[in-house]
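Spelled out from the first residue to the last, the chains are:
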Amino acid sequence: MIRRWVADLALGMRLALGGGGARTALVRLTLTAVGVGLGVAVLLTATSVPHLLGARDDRASARVLAPGTAAEGVDPVHAVTRNDEFRGRGLQGVLVQLTGPHPPAAPGVARLPGPGEAVLSPALAELLRSPDGELLRSRLSQRVIGTIGDAGLTGPNELFFYIGSDTVAQQPDTVLVGRFGYETSRRPLSSLELLLVVVGATTCLVPVFVFVVTSTRLAAAARDRRLAALRLVGADRGQVHRIAAGEALLGSFAGLLAGLALFQLIRVLVPAITVDAFRGGLFGTDVVPDWRLGVPALLALPLLACAAAVVALRPVVIEPLGVERRGTRSRRKLAWRLFPAVTGGALLLTGLGGDGAGAGNPAVIVGVVLVLTAVPLVLPWVVERVAGLLGGGSPAWLLAVRRLQLDSATAAHLVSGVAVVLAGSIALQGVYDRAESERPVPRQIRVLATYYATSVADGDAFAAAFHALPGLSGVPVRTGALLDTAAGDRVPAVVESCPALRARARLADCRDGEVYAAATLADRVPEQGDHVWFSEVRRARAIDRPQWTLPEVHRVPVYGDGGLELLVTPGALATVSGVGLTVNATLPTADPDLVERVRNVVGWNGSVDSLGTGRDGTSALITRVLSVGSVLVLLFVAGSLLVAAWEQLRERRRSLAALAANGAGRGVLARSLVWQLAIPVAVAVVVAVPAGLALDWLVLTFVVHRPMAADVPSIALLTATAIAAVLFVTALTLPALWRTTNLENLREE
C-alpha cells in the first residue's frame, strides 16, 4: 500500500513537470513556487523575530556599565553614559577616564580611548565624514583611534561612541566601572502592548497561509483535465486524489527552495535598512529562524498544500469522459464557515484576565486567529450570494457577472488576503488608538538643556556661550545644586546673582558672598560653620572630606511656593572646588540647527532633551515595527494577487481569445476584468470592516476592559488603501490581457 501511494505521488510530480506541455508545466510550477516561496520567506522572517530581538538585547546588555570591583590585573575606569541625538537620530555613547594601563574590555572595542581620543561606530564615523555631519563635528572633535565592532552595537546603523576625557570623574552621574556587561531586567509588556503584538502578528501571518493554500490551486482547470485522462485509462478516485496531492507536493517543495533562497536574500538586504523604525538597523546574522517555530511551519506547508489540493476536488466530479463542477448547483453552506468566528468570539467574550496577562493568554491568541481566519472562509459564501443577485448591464458588466456566477470561489480567494489584512489593520488601529489615548497629554513642547558645572566660573562660561547663540540672549539660565548635610538631610540650593535673588525672593538686602534661607527651612538648614557635600559629586566619587563650609545663613521671609530652597550667591562658592552644579535653560521648540548648536555648547557635560514629545520606547518600537510589517504584508498580498491574476489570465487565454475573435473589444474585456475584481473587493470590504470592528470591540472590551472608539477617518484610509492596491494590481495585468487576446491562442496543434 505504501509503495502504491509513493508511486501515485511520484506520478503526480511527473505530471506537474510535464503535463500539458513542458513550457506550460514550467510556467504553472513557477507560479506555484513563487506563491509558496513568498509565504515561506515571510514565515521564516517572522519566526526570526525572537532571536533578532534577543541578540540585540544581549549586545546592548554586554556594554552596560557594571559598577564594582575590577578583576585582578584590571584597572577600573570612571565612566558615564550619554544619550543624545542628532537631527532626530539617536546618538549614544560612553565617556571614559582611565585609571591605569589595563582598563576593562568593552565589547567590539580593541582599546578604550584616552583623553582626546574616540572610538566610533562605523555609521557615526561615516556621518562625520559626510556634509550632513558638519554640525556634529564640534561635539566629536577627538582623534578617532578605531571603530566599534558588531559585538558592541545593536545594529549596523547605530550611532555609538566611546570618548576619552580627563574630567569624567567630576561628572555628577559618573560610576567607577570594573567591567562591561550587566544582566538587565526587562519591563514586561502592558496588556495593550501585548495586544498590539498579538493582533499585528496575526494580521501579518494569516494572509500568508491563505495565499499558500491559494497557490497550490493554481491552474486547477488544466489539472482537472489531466486527472480526467487518468480516469479514462483506469485510475480510481483514490489514485486521482493522491496524484493531485503529488502535483501540489512538488509545487510546495519548489516553493520551499524558492522561499529559502528569498530568505537568504532578505538576510543580505536587511543591513541596508536605514529607517528609524528599527533604531540603528538590523544585522543580517541576527535574522535566524527559531527552529521550534520554523521547522513545524515548514513541515506543515507541504501537508497544507496536499490537503488544499485534495479538498479542492470535493466540488468536482472527475469522470473518464470529462470534468463536472457541482459548484453552480450546490450552494455553499454558511454554518461551518461561521464556526471559527463564533468559537473565537466566545474565547474573547470570556474576558480572560482583565488588565494583567489576559492579552497573553493562549486562548486570546487563538480567539484572534479564529476571528481573522473566518474572514476568508465567509467571503466565498457572500461573493456567491451577491453574484447570484446581480443582473444585466453593459457587455463588460455581463461578462464579469457571468464569470462570477460560474466561478465565484476563484475571485473570492484572490481578494481574501486583502480582506484579512483590512480586518486585522482596523482592529490593530483601534488598539493603537486606545493605547495612545491613555498616554498623558503632553505639555507644551520645549527643549531643556542641562549642563553639569564643576565651578561657578564654569557655569558662567556655559551661560555666556548659550546666550551668544542667535535668538537665545534673553532666555533665562538657572543654576542649582543638591546639598547633603552631616545629619543626612538633602537640601536644594539655588545659585544666582543678587538681582535675580531679589526678583525671586523679594530680598530687601542682598550681598554677593552671602547665603539666605527661608524661615520654613530653619530646622533643616545647617548653621554657620557646618560642613556639606554636593550630593551627586559625593555619590559618584565617594568623597568623605566635606566640600564646603557654610558661611552665615541669613533668614528671610517665606516667598513663592514656600521658600524650600537655599539661596546662594556666586561669591559664596568662589573659592570652593569640585562642586556639582546643574545649569538649566529651557527654550521653546526651535530650528533644528539651533538645537544642534545648543547641544554643541552643552557638549558631553550635560544633555539636551525635547520635553513633551516622548513616547514609551517599547510601545514606539512595537508600533513602528508593526507599521513596517503591515506595509510589507500589503505588498505581499498585492504580489500574491498579481501572481494569481496572471495565472487566471493564462488559464483562460483560449476563451478570452475567442471573445476577441467574435468582436469583443479589448476595452470591453479590460473593463470586465476590472469588474471581476471590483465586485469581490467591494464584498470583501463589506465583510472585513465589520469583522475588524467586531474584533476591535471584543479585544478591547472583554480582554483589556477598555472602551472602544471607532476612528472613522483611519478606517476610511485603510479601506481606500486596500481598494487602491487591488486596482493597481488590475492595471498591471492589462498588458498580459492584451497578449492573452491574441488570436494565436486559438491555434490547436
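For the structure itself, look to the data block above.
What comes next concerns the included structure. All values derive from a computational prediction rather than experimental measurement.

**Regarding helix 10 (residues 362-389)**
Next, step 1: If you check helix 10, its first and last C-alpha atoms are 41 Å apart, about what 28 residues at 1.5 Å a residue would give, namely 40 Å.
Next, step 2: The largest bend in helix 10 amounts to roughly 30° and is located at V378, with the proline P380 lying one to four residues further along.

**Considering the nonpolar core**
Next, step 1: L348, V375, L379, L695 and V699 are the most contacted members of the largest nonpolar core, which has 40 residues in total.
Next, step 2: Elements represented by at least two residues in this core include exactly helix 10, helix 12 (408-437), helix 19 (666-703) and helix 20 (712-740).
Next, step 3: The biggest single contributor to this core is helix 19, with 14 residues.
Next, step 4: Dropping the residues within four chain positions of it, L695 is found in contact with L348, V368, V371, L372 and A427.
Next, step 5: If you look at the next biggest cluster of nonpolar residues, it comprises 37 residues, including L469, L573, V579 and V595.

**Let's talk about a nonpolar patch on the surface**
Next, step 1: Taken together, the side chains of L265, V268 and L269 present a nonpolar region at the surface, about 290 Å² in accessible area.
Next, step 2: For L269, the location among the structural elements is in helix 7 (residues 237-269).

**Describing helix 9 (residues 335-349)**
Next, step 1: Taking 1.5 Å as the rise per residue, helix 9 with 15 residues should run 21 Å; its terminal C-alpha atoms sit 20 Å apart, in good agreement.
Next, step 2: Regarding helix 9, the residues found buried are R337, P340, G344, G345 and L348.

**Let's talk about the pattern of salt bridges**
Any two side chains of opposite charge can pair if their charged atoms end up close together.
Next, step 1: Tallied over the full model, the rule gives 14 salt bridges.
Next, step 2: For the salt bridge of E158 with R63, the shortest nitrogen-to-oxygen distance reads 2.6 Å. Linking E158 in the loop between strand 5 (143-147) and strand 6 (159-164) with R63 in the loop between helix 3 (49-62) and strand 1 (65-67), this pair joins segments that are 95 residues apart in sequence. Like R63, E158 is buried.
Next, step 3: A salt bridge links R111 to E117, with the nearest nitrogen and oxygen atoms 3.3 Å apart.

**Some remarks on the packing of helix 9 against helix 19**
What describes two packed helices is the angle between their axes and the distance between those same axes.
Next, step 1: Orientation of helix 9 relative to helix 19, taken along the N-to-C sense of each, is 25°, at an axis distance of 8 Å. On the basis of the axis angle, helix 9 is roughly parallel to helix 19. Touching G345, L348 and L349 of helix 9 are L695, L698, V699, F702 and V703, all from helix 19.
Next, step 2: A class-by-class count of the residues in the contact of helix 9 with helix 19 yields 7 nonpolar, 1 polar and no charged.

**Section: the pairing of strand 2 (residues 77-86)**
Next, step 1: When you tally the buried positions in strand 2, you get 7 out of 10 residues, the bulk of the element.
Next, step 2: In terms of strand pairing, strand 2 meets strand 3 (residues 89-98) through 10 bridges, oriented antiparallel. Note on strand 3: the bridge partner recorded for V80 is L95.
Next, step 3: The antiparallel pairing of strand 2 with strand 3 creates a hairpin that spans 2 residues between the two strands, and R87 there sits at a positive phi of about 50°.
Next, step 4: Where strand 2 lies against strand 7 (residues 175-180), 3 bridges are found, and the strand directions are antiparallel. Within strand 7, the position partnered with H78 by the bridge is L176.

**Brief notes about the pairing of strand 13 (residues 515-518)**
Next, step 1: Side-chain alternation along strand 13 places V515 and A517 on one buried face and Y516 and A518 on a second face that is also buried.
Next, step 2: Sheet analysis places strand 13 next to strand 16 (residues 553-556), joined by 4 bridges and oriented parallel. Each residue of the ladder has a partner; that of V515, found in strand 16, is V553.
Next, step 3: The pairing of strand 13 with strand 17 (residues 566-568) spans 3 bridges and is antiparallel. Residue pairing across strands places Y516 opposite L567, the latter belonging to strand 17.

**A short note on the environment of V421**
Next, step 1: Considering the arrangement of structural elements, one finds V421 in helix 12.
Next, step 2: Remark: the alpha-carbon pair of V421 and P207, spanning 214 residues in sequence, is separated by 6.9 Å.

Calculation rules
- Residues numbered from 1 in each chain as written.
- Predicted model: local features only at pLDDT ≥ 70, side-chain atom pairs only at ≥ 80, totals over all residues.
- Heavy atoms only, no water.
- Helix = DSSP H or I, 4+ residues; strand = E, 2+ residues; numbered from the N terminus.
- Expected span 1.5 Å × (residues − 1).
- Bend = angle between axes of the 7 residues up to and from the residue.
- Core = buried A, V, L, I, M, F, W, Y, C linked by side-chain atoms within 4.5 Å.
- Buried < 20%, exposed > 50% of the residue type's maximum accessible area, 1.4 Å probe, protein only.
- Contact = heavy atoms within 4.5 Å.
- Patch = residues over 30% accessible without salt bridge, like charges linked within 9 Å, V, L, I, M, F, W, Y side chains within 5 Å.
- Areas by Shrake-Rupley, 256 points an atom, 1.4 Å probe, with all protein chains shown as cover.
- Salt bridge = Lys/Arg side-chain N within 4 Å of Asp/Glu carboxyl O.
- Axes fitted to C-alpha atoms, helices over the stretch in contact; angles between N-to-C directions.
- Parallel < 35°, antiparallel > 145°, perpendicular 65-115°, else oblique.
- Nonpolar A, V, L, I, M, F, W, Y, C, P; charged D, E, K, R; others polar.
- Pairing = 2+ DSSP bridges.

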